[in-house]
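One-letter residues, chain by chain:
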Amino acid sequence: TVAKPQHFLAQIISQDLAEKKHTKVITRFPPEPNGYLHIGHAKSICLNFGLAEEFGGECNLRFDDTNPGKEDQEYVDAIAEDVRWLGFQWSGDIRYASSYFDTFYEWALHLIRAGKAYVCELSPEQAREYRGTLKEPGKDSPFRDRSVEENLAEFEKMRAGEYDEGACVLRAKIDMAAPNINLRDPILYRIRKLAHHQTGDKWCIYPTYDFAHGQEDAIEGITHSICTLEFADHRPLYEWFIDNLPVPHKPRQYEFARLELNYTVTSKRKLKQLVDEGHVDGWNDPRMPTISGMRRRGYPASALRKFCDLIGVTKAASTVDVGMLEFAVRDELNDMAPRAMCVLNPLKVVITNFNGAVENMTQPVHPNKPELGERSLPFTREIFIERDDFTEDTSLSRKKFKRLVLGEWVRLRGAYIIKAEEAIKDEAGNTVELRASLVPDTVGANPPEGVNPRGVIHWVSATENLPIEVRLYDRLFNDEAPDAGDKNFLDALNPDSLVIIERAYAEISLADAKPEQAYQFEREGYFCVDSKYSSAEKPVFNRTIGLKDNWAN
Ligand code: ATP
Ligand code: MG
Ligand code: MG
């Protein structure tokens, strides 16, 4: 095999290590705990943890929790679980930006004392007006020339809760005419009179993302701070803080293109809306592009890692075909999943010449993995086959219809060859039952002369089986770009994204199935037990994905 070429970030790190700029690589994955992680975050996780692994370094898990209004402990717990499930272990304890609030506060005082920050009382509307536009420079705030003493006193009043939310902010004094608007005296602290999930009521002022992120990286000794392209314009500000504060270490920011998937929405805000408005059954609904949703649906962690590896890391924004994710899922499952049989749309077949009670057939758990052993399939006088696997239309060619035709033969997987003798109808003319005969001595043996089965179909005993509910999923959105331009992504919701089959019949070995254990139901797709709704009394299986691969590339 040819070694994969290094992507641009791996090249940068290789070079930094070769030049001894750093002796050890330290990266971080810095989610804000304001929602569950989605497939885009998986890319960032695989990238940050992957680089640390590749270069013998470490990766921190740090909650960027500077905005208590939208954050919650529920999200902290779910995110940590998702990272672990994806197969990564962070270095040391979980970290929180909020545990550095004392330092950030000291650093704000440092900027004030250096004449580089001031308390500004412009209203948000006024501040917007003063900020200027891309074409026009901004104007200096009338509060810009306050003395150091006045600023220290005012900032202390902000901290002590003497002002209402929105009454004032602390701003850096940089350049109101800078072409990069991020440098036009950005906000460092705002007043938010809200309890915080980590710091409780200790603070009523909270740092902005810009005033926090680089400093968090500096405190943790991050060498390569990797973020998505939309932060490229913030990099000069990131560097301004690092250069103007007594930080213990100088991290550097690098940007890469975020993952965009067609037929998918990857914005926590929009995913939260789907949950809050009840369009889906929670953050881990199996149709959601969240890591927890994909886990519940049966996507293996290894498939997500494989997908992230396949798409690579670049600086150019592009949209990836969701079929590529599905390809990675099928590829992993085909290799891992034990086989089983399940009839989703049953037609009863009575084997008229079988007079035994039960005959136990055996099949390998996995065709290529003898070490997984065999499973036992009770064969009985009454069995179920799929309705679609039988037809009375004898004109269909053998090539077109490799299943059971009236008057002809088919092999039941792992069992006998049978011949369809008679279709029993109800008054409306629908086939309600089939009478068939078996060809003796054909279990695991070739048929005698003159018996030509058209193919092999799956089956389940009609009396010795496990009745289950099956949930079939389709894409959540019908539109390739559900939230492009000014489209309302809710308009693109697919009304048929969930189809429930209340009663299907599975082989009895599935009574032991555990959530997240994938099975291939032969000829039907990959399935797993639903972790939310399944119980011993009423097993519920999710279809993870069908067998067919439509992704041609
Ligand atoms: P969203 O836009 O969905 O709210 P976010 O970027 O605000 O996502 P964070 O919790 O701040 O969410 O993200 C944590 C990390 O994951 C960040 O470093 C961010 O750049 C990265 N990330 C988020 N979305 C994507 C994506 N679609 N592709 C790659 N990385 C992403
Ligand atoms: Mg973010
Ligand atoms: Mg966000």
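Since this is a predicted model, take the numbers as computed values, not measurements.

## What about the overall build of the chain?
Across its full length, the chain holds twelve helices and 29 strands. A compact globule built from 553 residues should have a C-alpha radius of gyration of about 24 Å, whereas the chain, at 31 Å, is more than 25% larger. Once the C-alpha set of the chain is aligned to its principal axes, its extents read approximately 100 × 55 × 40 Å. When the 553 residues of the chain are sorted by exposure, 39% land in the buried category. Considering only contacts within the chain whose residues lie at least 6 apart along the sequence, 70% involve residues at least 24 apart.

## Brief notes about the environment of Tyr209
Checked against the element boundaries, Tyr209 lands in helix α7 (residues 209-220). Here the alpha-carbon distance between Tyr209 and Asn67, two residues 142 residues apart in the chain, equals 8.5 Å.

## Quick word on the site of ligand 1
Taken together, 14 residues lie around ligand 1, and Pro31, Gly40, Ser44, Arg258 and Lys268 are the ones closest in. Going through the elements one at a time, α2 (39-54) and β8 (224-228) are the ones with two or more residues in the shell around ligand 1. In terms of residue count, α2 provides more of the shell around ligand 1 than any other element does, four residues in total. Grouping the constituent residues of the shell around ligand 1 by class yields four nonpolar, six polar and four charged.

## Quick word on the UniProt feature "domain: tRNA synthetases class I (E and Q) anti-codon binding" (unreviewed entry) in the chain
The UniProt feature table records "domain: tRNA synthetases class I (E and Q) anti-codon binding" (unreviewed entry) at residues 456-530. Along residues 456-530 the backbone is 0% helical and 39% strand, and the end-to-end C-alpha distance reaches 29 Å.

## Overview of the domain arrangement of the chain
As assigned here, the chain comprises domain 1 (9-256), domain 2 (268-338 + 468-545) and domain 3 (346-458). With centres defined by C-alpha atoms, the gap from domain 1 to domain 3 works out at 65 Å.

## As for unusual backbone geometry
Phi angles above zero are rare outside glycine, and Asp185 is one such case at about 45 degrees. Its place among the elements puts Asp185 in the loop between β5 (169-172) and β6 (187-191). The buried category is assigned to Asp185, around which 24 C-beta atoms lie within 10 Å. The residue Glu516 is not glycine, and still its phi comes out positive at about 75 degrees. Among the secondary structure elements, Glu516 is positioned in the loop between β26 (498-506) and β27 (519-521). Here Glu516 falls in the partly exposed class, since 16 other C-beta atoms lie within 10 Å of it.

## Let's talk about the sheet that holds β5
Taken in spatial order, the four strands line up as β4-β5-β6-β7 in an open sheet, and their pairing is antiparallel. If you trace the sheet from one side to the other, it starts and ends with β4 (117-120) and β7 (205-207), each paired once. Across the sheet, the mean angle separating the axes of adjacent strands is 20 degrees when strand polarity is ignored. Summarising the sheet, β6 and β7 pair through three bridges and their orientation is antiparallel. Paired with Tyr189 across the bridge in β7 is Pro207. Here helix α4 (residues 101-113) sits on the sheet in contact with β4, β5, β6 and β7, set at roughly 100 degrees to β4. Contacts between helix α6 (residues 148-159) and the sheet are confined to β4, β5, β6 and β7, with β4 contributing the most and set at about 60 degrees to the helix.

## Quick notes on the sheet that holds strand β29 (residues 540-545)
As summarised here, the arrangement of the seven strands in space is β12-β27-β28-β29-β25-β26-β13, forming an open sheet in which the pairing is mixed. Looking along the sheet, the strands with just one partner apiece sit at the ends: β12 (339-340) and β13 (342-343). In this structure, strand β28 (residues 525-529) lies alongside β29, joined through four bridges in antiparallel fashion. Within the sheet, the bridge partner assigned to Cys528 lies in β29 and is Asn542. Here helix α12 (residues 322-336) sits on the sheet in contact with β27, β28 and β29, set at roughly 115 degrees to β29.

Parameters and conventions
Residues numbered from 1 in each chain as written. Chains lettered and ligands numbered in written order. Predicted model: local features only at pLDDT ≥ 70, side-chain atom pairs only at ≥ 80, totals over all residues. Helix = DSSP H or I, 4+ residues; strand = E, 2+ residues; numbered from the N terminus. Rg over C-alpha atoms; globule rule 2.2 N^0.38 Å. Buried ≥ 20, exposed ≤ 12 C-beta atoms within 10 Å, placed from the backbone. Contact = placed C-beta atoms within 7 Å. Near = placed C-beta within 6 Å. Nonpolar A, V, L, I, M, F, W, Y, C, P; charged D, E, K, R; others polar. UniProt positions renumbered as here; feature names shortened; annotations may be inferred. Domains from an automatic or database assignment. Pairing = 2+ DSSP bridges. Axes fitted to C-alpha atoms, helices over the stretch in contact; angles between N-to-C directions.

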